Amino acid sequence: QVQLVESGGGLVQAGGSLRLSCAASGRTFSIYAMGWFRQAPGKEREFVAAITWTGTDTYYGDSVKGRFTISRDNARNMVYLQMNSLNSEDTAIYYCAQNRQMYTGGVNPRSAYWGQGTQVTVSS
């Protein structure tokens, strides 16, 4: 059974930084693409970042490019999201996701496994 547990959320001032972590368990971690999504109140879920199963390629949503960095540690079954230059529009619940199929470049949100989410609040 796949389990994804996020941590690292919290309250931060605008311009600050946070690092989110996601611990994965339940199946072989290194062969699945991982991603981060977020959902703000009253808004649809938004793609934030993804990393291929090899870790060699990363993808970002337009709103976070240049500010956020996704990375993974296959030895620790962890994926991270380093968030810099945060602003109020980054306030949301952040979800870790693992693609259901192996050996892919991205995460299909319609079929992915999800964590419970971690709240990020940016105060202006």
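All of the points below concern the structure found in this document. (Residues numbered from 1 in each chain as written. Predicted model: local features only at pLDDT ≥ 70, side-chain atom pairs only at ≥ 80, totals over all residues. Heavy atoms only, no water.)

## Description of the environment of Cys 96
At step 1: Following the sequence through the fold, Cys 96 ends up in strand 9 (residues 92–98).
At step 2: Placed 19 residues apart in sequence, Cys 96 and Gly 115 show a C-alpha to C-alpha distance of 5.4 Å.
At step 3: If we skip the residues at most four places from it in the chain, Cys 96 touches Leu 4, Glu 6, Cys 22, Met 34, Gly 35, Trp 36, Val 79, Tyr 113, Trp 114 and Gly 115. (Helix = DSSP H or I, 4+ residues; strand = E, 2+ residues; numbered from the N terminus. Contact = heavy atoms within 4.5 Å.)

## Concerning the state of the cysteines
At step 1: Per the stated rule, a full pass over the model turns up 1 disulfide.
At step 2: Note on cysteine connectivity: Cys 22 is disulfide-linked to Cys 96, with sulfurs 2.1 Å apart. The chirality of the disulfide connecting Cys 22 with Cys 96 is left-handed, given an S-S dihedral of about -80 degrees. Taken together, the residues span a long stretch of sequence, with Cys 22 in strand 3 (residues 18–25) and Cys 96 in strand 9 at a distance of 74 residues. (Disulfide = S-S within 2.5 Å.)

## Details of the layout of surface pockets
The gaps left among the atoms become clear once a water-sized probe is rolled over them.
At step 1: The calculated volume of the largest pocket comes to roughly 170 Å³.
At step 2: Taken together, Arg 38, Gln 39, Ala 40, Lys 43, Glu 44, Glu 46, Ser 63, Arg 67, Asn 87, Glu 89, Asp 90 and Ala 92 make up the full set of residues lining the largest pocket.
At step 3: Classifying every residue of the lining of the largest pocket gives 2 nonpolar, 3 polar and 7 charged. (1 Å grid on protein atoms, 1.4 Å probe; cavity = no way out; pocket = protein on both sides within 12 Å on 5 of 7 lines; lining within 4 Å. Points joined across faces, edges and corners; volume = space filled by probe spheres on them. Nonpolar A, V, L, I, M, F, W, Y, C, P; charged D, E, K, R; others polar.)

## Points about the pattern of salt bridges
At step 1: Applying the stated criterion across every chain yields a total of 5 salt bridges.
At step 2: The partner of Lys 65 in a salt bridge is Asp 62, and the shortest N-O contact between them spans 3.2 Å.
At step 3: Judged by its relative accessible area of 66%, Asp 62 falls in the exposed class.
At step 4: Among the ionic pairs, Asp 90 bridges to Arg 67, the shortest N-O distance being 2.8 Å. Of this pair, Asp 90 sits in the loop between strand 8 (78–83) and strand 9 while Arg 67 sits in the loop between strand 6 (58–60) and strand 7 (68–73), and the two are 23 residues apart along the sequence. The pair Asp 90 / Arg 67 is uniform in exposure class, with both members buried.
At step 5: What you see here is one network of salt bridges that share partners, running through Arg 38, Glu 46, Arg 67 and Asp 90. (Salt bridge = Lys/Arg side-chain N within 4 Å of Asp/Glu carboxyl O. Buried < 20%, exposed > 50% of the residue type's maximum accessible area, 1.4 Å probe, protein only.)

## Digging into the sheet that holds strand 1 (residues 3–7)
One key point about sheets: their strands pair by backbone hydrogen bonds, in either a parallel or an antiparallel sense.
At step 1: Read from one edge of the open sheet, 4 strands run 1-3-8-7, paired in antiparallel fashion. The sheet is open, and its two edges are formed by strand 1 and strand 7, each paired on a single side. Each strand of the sheet is rotated relative to its neighbour by a mean of 15 degrees, with strand direction disregarded. (Pairing = 2+ DSSP bridges. Axes fitted to C-alpha atoms, helices over the stretch in contact; angles between N-to-C directions.)

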